Amino acid sequence: MQVFLQTIIGGVSLGAVYALVALGFSLVYRTMGLVNFAHGNVVTVGAYLASTFYLTSKLPFALAMVIAIAVTGAIGLVIERVLRPLENRDFDLMLIGTIGFGIVLDALVIAIWGATGRAVPSPVQTEPIDLLGLRIRTYDLVVLAIAAAATVLLVLFLSRTKRGAAMQAVAMDHEAATAVGIHVGRSNAIAFMIGAGLAALAGGLVGPLLYVSPALGGALGIKGFAAAILGGFGSIPGAIVGGLAIGVLDSFTAGHFQGYSELVTFIVFTVIIMVRPTGVFGERTVNRA
Amino acid sequence: MRTRLLLAAGAVAAWLLPYGLDSYAIHVVDVILIFAILAIGLGLAMGIAGQVNLAQVAVFGVGAYVTAILTTRAGLGFWVAAVLAVLATVVIGLVIGVPALRVQSHYLGIVTLGLALAFTSWVTNAQASGGAEGISGIPVPELPGVDLSSEYLYYYLELIVFAILLAFGLFVVRTSLGRRMRAMRDDALAAGSLGAEVPVLRMAAFLLASVYGGLGGVLYAGLIRYVAPESFNIANMFLLLGMVIIGGRQSLVGCVVGAVGLALVREALVDHPQIAQIAYGSVVVLVVVFAPTGLAGLPVRVRSAVARRRGRQGAAARLKPFQPYDPEPSRRDGETILQVDRVTKQFRGLKALDDVSLTVAAGEIRGVVGPNGSGKTTLFNVISGLYKPTRGRVRFRDADRTGDAPYRLARAGLSRTFQNLRLFGDLTVEENILVARDRSRTWESWRYLLRPISVLRRDRELHRHARDVLDRYGLAEFAALAPKSLPYGIQRRVEIARAVAAGPALLLLDEPAAGLNGEEVRQLAEIVRSIRDSGITVIIIEHNMGLVMTLCERVTVLAGGRIIADGTPAEVARTPAVIEAYLGDSMTAGDLPPISEVTR
């Protein structure tokens, strides 16, 4: 029982990171029907930016994160702007376009930071909390708190602001949204920007948990995608639940299957797509394209 | 003639190429040829059949690894191992293709990517595959009298395999199987409604791609004689994708050009891999946005740009009059061909069809009318198998066809057009007709391997039939044009010709007169009557009341998902419910066409 609970706790903080990655995927998907294949690479960029400002420039961790989020947000804007001519026209080509951006970002990361990774020390130096014999790292709690705050802010933005409501309208019907005077391109751009910002947030937070390397984003990207699929693509609560579920699954498979844990994740999520492509909370039809 | 000369020159150049290369260069060329084979396979899946496949490099890896394991661990000879390896990739290809039956586009991309990652994750960890170190010591393939350990001689082996595979790929693309795949790529729904077995075609696409991948893997194992996980990672998959996109995914020759070009650029920048990667990534983005057809599409674009600059030359294609069919009274006239029995179709809270029953006799022209949103198109979609009814049955030609897949219904003799036109955009007008005319089964595609001549013969026959159809509908001069470039009225006519070319017993026309001018509507009436006289039953949804009243023998009126009237046009026009629901209560029956006009 003790081991069981400890494994769950181990999975939850990574799960929160997966949830953030999944949120980024889902936000872009629900707004413009596009799966951003460069999302994982943006996570890598965010992780490197945050760790660089934190370690090399000796900035406070929070400030380093803010800078990383701002820079990746700008990258998101660039990606959206370049691919805008294809929006609502050819989804397969857009998908390949984001892969193209992923290729470029991947090479840029290696060109700037090198192919070897770096370890990031935890910004929170307190002792782990002992709760009924379970050890909980303080940083895990910080990750959970930030992820929760980001989710709440996102939901508030989408439901309470005019801009957020406009994005919801675009998500439902881009033609009708155009007809009532919403600038669809700008709405998509904001979705992309927030999505990229969330990716950087995830990357920055995961730095002290994992090893920051060029391969980080690929792994997180696919896990985040699996989380989004599991919860139902485009659904915000789905992304959260899916992220936590994949995190816990991860932590169990790592215990039981060692090197094959990734393999198990991939197979589980392939089966999910086959059995229920709309996920747990998903409603949209799959063949949007 | 010119293409033959080019081909001969290319063959001679390829044959003489090794004489001018040093030992490193020939190695590079050998690797490039393998990538070209992979690119053809990926082009077939992605460009021709429209199936996003990010597992091609993993399949390539399966081919190479199986060869390596069977030769080094099981001690089999190279060629035996090679055959088994290709068989293994066929199986893997089918497994990768299974998700395509459920999901498409982005989802398919991510699933295939996930499977590819699963493969690399497995080979890096498994004992059998030698872990991260991989497997070395693969024996040299033996060929009597030829020493294949020489990379120069290996080049010729690869060249022959490559030439055969390219020729086979082109053969597939230009005949029945490839045409259907392209139709499915452009519009899977319409292709299904014309009898293309979409699930089988998707599997066939993955199968073809993996055979190419597997053969590439075998050649790779024989060339490098060492396999390791990093040769088959995602970076190489994206490189291959870049080759196919930059070259032009819809053209196999383009894929080869892209593979050769990108591989050469990468070789030139071998000391600066990041720069090379940034360069080709950017080019992929630019190609996707500005030249989606890639390098292969450039000649056409340049030519049309030049033609536009100079102003159009040559005579524009003209629409010829329709030549009526010879009347052929069917023996089955008057028998029930279609019976819709108490069908209800519910979309969440909305009841689009509510307890609809309808019987259509063979040889009839039935009109279905009703206000917008009354469920007419939903009824067509239920009849043609696109929707499964929530309740009720559909019987077609004495068999219960409720919930059958559209392609099964199409093969049983049902054909339809669509309200918003669903022509295959990247196919020519003639190919649109050919896809419909082609009634062969996709699983018969084994003929491509064993009886290629019979495939060619059948294709020639199909072309002749398609010519006849085009002539009859006066479309002969448009045969080689893209449907999107034609005026709307002509596109409508192409779609009807396509639906009839499938040789149906029952034809469903969904608002065929929408967007047509008066003269075109008159021609349409003539065409529909002639189609009926040739023995085809017609059901027509139409808003043009004049057309419905003159053309149809019986009219069914839908409103709010229910049938509110059914009878001859004259009877229906007198029904008060119809006048109220459909024509609005301000109109009176006096506004309707006089009876004499109704019974032509």
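Residues numbered from 1 in each chain as written. Chains lettered and ligands numbered in written order. Predicted model: local features only at pLDDT ≥ 70, side-chain atom pairs only at ≥ 80, totals over all residues.

Peer 1: Looking at this model, I keep getting lost on the sheet that holds strand S6 (residues 391–396) of chain B. Mind explaining?
Peer 2: Sheets are built from strands that pair by backbone hydrogen bonding, the pairs being arranged parallel or antiparallel. All names here are of chain B. The four strands lie next to each other as S4-S3-S6-S7, forming an open sheet whose pairing is antiparallel. Of all the strands in the sheet, just strand S4 (350–361) and strand S7 (399–400) have a single pairing partner and so form its edges. The pairing of strand S3 (residues 336–347) with S4 spans eight bridges and is classified as antiparallel. Each bridged residue has a counterpart across the sheet, and for Gln 339 the counterpart in S4 is Thr 359. (Pairing = 2+ DSSP bridges. Helix = DSSP H or I, 4+ residues; strand = E, 2+ residues; numbered from the N terminus.)

Peer 1: Mind showing me how you'd approach the interface of chain A and chain B here?
Peer 2: In many analyses, interface size is given as the accessible surface area lost on bringing the parts together. On the side of chain B, 34 residues touch chain A, which itself brings 39 residues to the contact. Of all elements in the fold, only helix H3 (61–83), helix H4 (91–113), helix H9 (216–231) and helix H11 (261–275) of chain A reach the threshold of two or more residues within the side of chain A that touches chain B. Here the element with the most residues in the side of chain A that touches chain B is H4 of chain A; it accounts for 16 residues. In the side of chain A that touches chain B, the residues fall into 29 nonpolar, six polar and four charged. (Contact = placed C-beta atoms within 7 Å. Nonpolar A, V, L, I, M, F, W, Y, C, P; charged D, E, K, R; others polar.)

Peer 1: Just checking my understanding: could you explain the confidence of the model for chain A for this structure?
Peer 2: Do not read the fine detail of predicted coordinates wherever pLDDT is low. Residues and elements named next belong to chain A. Looking at chain A as a whole, the pLDDT averages 84, with 96% of positions reaching at least 70. Mean pLDDT values for the elements of chain A range from 75 in strand S2 (residues 129–131) up to 91 in H3. Ignoring residues within four places in sequence, the model shows residues 284–289, a span with pLDDT below 50, making 15 contacts including any to other chains. (pLDDT = per-residue confidence, 0-100.)

Peer 1: Can you help me understand the UniProt feature "transmembrane region" (unreviewed entry) in chain B in this one?
Peer 2: Residue and element names in this part refer to chain B. Summarizing the sequence annotation, UniProt attributes the feature "transmembrane region" (unreviewed entry) to residues 26–45, 52–70, 76–98, 105–123, 153–173, 204–228, 234–265 and 277–300 in the numbering used throughout. As a span, residues 26–45 carries 100% helix and 0% strand, and end to end its C-alpha atoms are 29 Å apart. Within residues 234–265, the helical portion is 88% and the strand portion 0%, while the C-alpha atoms at the span's ends are 19 Å from each other. (UniProt positions renumbered as here; feature names shortened; annotations may be inferred.)

Peer 1: Got a minute to help me understand the environment of Ala 200 of chain A in this structure?
Peer 2: All names here are of chain A. One can find Ala 200 in helix H8 (residues 184–206). Given 31 C-beta atoms within 10 Å, Ala 200 falls into the buried group. Note: C-alpha distance between Ala 200 and Gly 279 (79 residues apart in sequence) is 25 Å. Setting aside residues up to four positions removed in sequence, Ala 200 forms contacts with Val 42, Gly 46, Leu 49, Ala 50, Ala 68, Ile 69 and Thr 72. (Buried ≥ 20, exposed ≤ 12 C-beta atoms within 10 Å, placed from the backbone.)

Peer 1: Just checking my understanding: could you explain the nonpolar core for this structure?
Peer 2: Buried together is how nonpolar side chains tend to be arranged in soluble globular proteins. The biggest cluster of nonpolar side chains holds 277 residues, and the ones touching the most others in it are Val 17, Ala 19, Leu 20 and Ala 202 of chain A together with Ala 39 and Leu 240 of chain B. In terms of residues, this core owes the most to one element, helix H9 (residues 198–224) of chain B, which gives 17 residues. Contact partners of Ala 19 of chain A, with chain neighbours within four places excluded, come to Ala 147, Ala 227, Ala 239, Ile 240, Gly 243 and Leu 244 of chain A. (Core = buried A, V, L, I, M, F, W, Y, C linked by C-beta atoms within 7 Å.)

Peer 1: Just checking my understanding: could you explain helix H3 (residues 56–72) of chain B for this structure?
Peer 2: For an α-helix the count is 3.6 residues per turn, leaving residues at separations of three or four pointing the same way. For H3 of chain B, which comprises 17 residues, the first-to-last C-alpha distance of 24 Å matches the rise-based estimate of 24 Å (1.5 Å per residue) to within 8%. Where burial is concerned, most of H3 of chain B is hidden: 16 out of the 17 residues are buried. (Expected span 1.5 Å × (residues − 1).)

Peer 1: Can you help me understand the domain arrangement of chain B in this one?
Peer 2: All names here are of chain B. By domain assignment, chain B separates into domain 1 (19–232) and domain 2 (336–598). The distance between the C-alpha centroids of domain 1 and domain 2 comes to 42 Å. Contact with domain 1, which involves 24 residues of that partner, is made by 29 residues of domain 2. Elements supplying a minimum of two residues to the side of domain 1 that touches domain 2: helix H6 (151–174), helix H7 (176–186), helix H8 (188–193) and H9. When residues of the side of domain 1 that touches domain 2 are assigned to their parent elements, the largest contribution, seven residues, is made by H7. The residue makeup of the side of domain 1 that touches domain 2, split by class, is 13 nonpolar, five polar and six charged. (Domains from an automatic or database assignment.)

Peer 1: I keep staring at unusual backbone geometry and nothing clicks. Help me out?
Peer 2: Working note: non-glycine residues mostly have negative phi, and peptide bonds are mostly trans. Residues and elements named next belong to chain B. In this model, Asp 398 sits at a positive phi of 65°, which is unusual for a non-glycine residue. C-beta crowding within 10 Å serves as the criterion here: with 10 such atoms nearby, Asp 398 is assigned to the exposed category. Phi is positive for Leu 421, close to 55°, though the residue is something other than glycine. By the element assignment, Leu 421 lies in the loop between strand S8 (414–416) and helix H16 (429–437). Look at Leu 421 and you get partly exposed, because 17 C-beta atoms sit within 10 Å.

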